[in-house]
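So the chains spell out like this:
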Amino acid sequence: MNAKDIDKRFYPKYAAHRAEKSKMLQNIVNAFLVGGTICTLGQLFFEIYHRLDADVDTSRTLASITIVLVTALLTGFGIFDDIAKHAGAGTLVPISGFANSVVAPAIDNKAEGWITGLGTKIFIIAGPVILYGTFASVVCGVIYFITTLF
């Protein structure tokens, strides 16, 4: 028996023994609570803008812009990353997760300059989301168009 065969037999057991056990229930609860809090804040901003006599569409837009702004500021100050460590997927509520995925690479690469740092790396995480989200919407639009023809 050579070293490769020994590794194949024993490494999975060794890795399973050494790996940190997942706290799945706690992770789910944390994600739910933080994601719910972000959504609740969005609703709160909507209600505030609506009570300030903005119409429904304007209130929705302003609430979304406010969530993006707050997320960008929290990312800039390094607070959003601390929240994400505890909340996991709960911070991926689409608008806050998207704002974080644009701001974080911009901050990380600002030392490389405006063009080669910020300009080339700002959409390194958000770019695939934009690409495949747009592609998926086109595919769904084509399917919808074809199915409504008949």
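This is a predicted model, so every value here is computed, not measured.

(A) Highlighting helix H2 (residues 24–51). Helix length check: H2, at 28 residues, gives a terminal C-alpha distance of 40 Å against a target of 40 Å (1.5 Å per residue), a fit within 8%. Within the span of H2, buried status applies to Ala31, Gly35, Ile38, Gly42, Phe45 and Phe46. Buried residues in H2 make contact with helix H3 (56–76), helix H4 (79–87) and helix H5 (94–108). In the segment just after H2, Asp53 is the residue with positive phi, at about 75°.

(B) A look at a nonpolar patch on the surface. A cluster of nonpolar side chains, Val138, Val142, Phe145, Ile146, Leu149 and Phe150, forms an exposed patch at the surface whose accessible area comes to about 680 Å². With respect to the element layout, Leu149 can be found in helix H7 (residues 126–149). Judged by its relative accessible area of 52%, Leu149 is exposed.

(C) Examining the environment of Ala111 more closely. Locating Ala111 in the fold gives a position in the loop between H5 and helix H6 (114–121). As a C-alpha pair, Ala111 and Asn30 span 81 residues in sequence and 34 Å in three-dimensional space.

(D) The arrangement of the confidence of the model for the protein in detail. Confidence along the protein averages 87 in pLDDT terms, with 95% of residues attaining 70 or more. Least confident of the elements in the protein is helix H1 (residues 3–18), whose mean pLDDT is 70; most confident is H3, at 95.

(E) Here's a closer look at the pattern of salt bridges. Enumeration over the complete set of coordinates arrives at three salt bridges. Where Arg60 meets Asp57, a salt bridge forms, and the shortest distance between an N and an O atom there is 3.8 Å. Linking Arg60 with Asp57, this pair stays in helix H3, spanning three residues, or about one helical turn. Using a relative accessible area of 49% as the deciding quantity, one classes Arg60 as partly exposed. Between Lys85 and Asp82 there is a salt bridge; the shortest N-O distance is 3.9 Å. Placement of the pair is Lys85 and Asp82 together in helix H4, with a separation of three residues, close to one helical turn.

Reading guide: rules and limits
Residues numbered from 1 in each chain as written. Predicted model: local features only at pLDDT ≥ 70, side-chain atom pairs only at ≥ 80, totals over all residues. Heavy atoms only, no water. Helix = DSSP H or I, 4+ residues; strand = E, 2+ residues; numbered from the N terminus. Expected span 1.5 Å × (residues − 1). Buried < 20%, exposed > 50% of the residue type's maximum accessible area, 1.4 Å probe, protein only. Contact = heavy atoms within 4.5 Å. Patch = residues over 30% accessible without salt bridge, like charges linked within 9 Å, V, L, I, M, F, W, Y side chains within 5 Å. Areas by Shrake-Rupley, 256 points an atom, 1.4 Å probe, with all protein chains shown as cover. Salt bridge = Lys/Arg side-chain N within 4 Å of Asp/Glu carboxyl O. pLDDT = per-residue confidence, 0-100.

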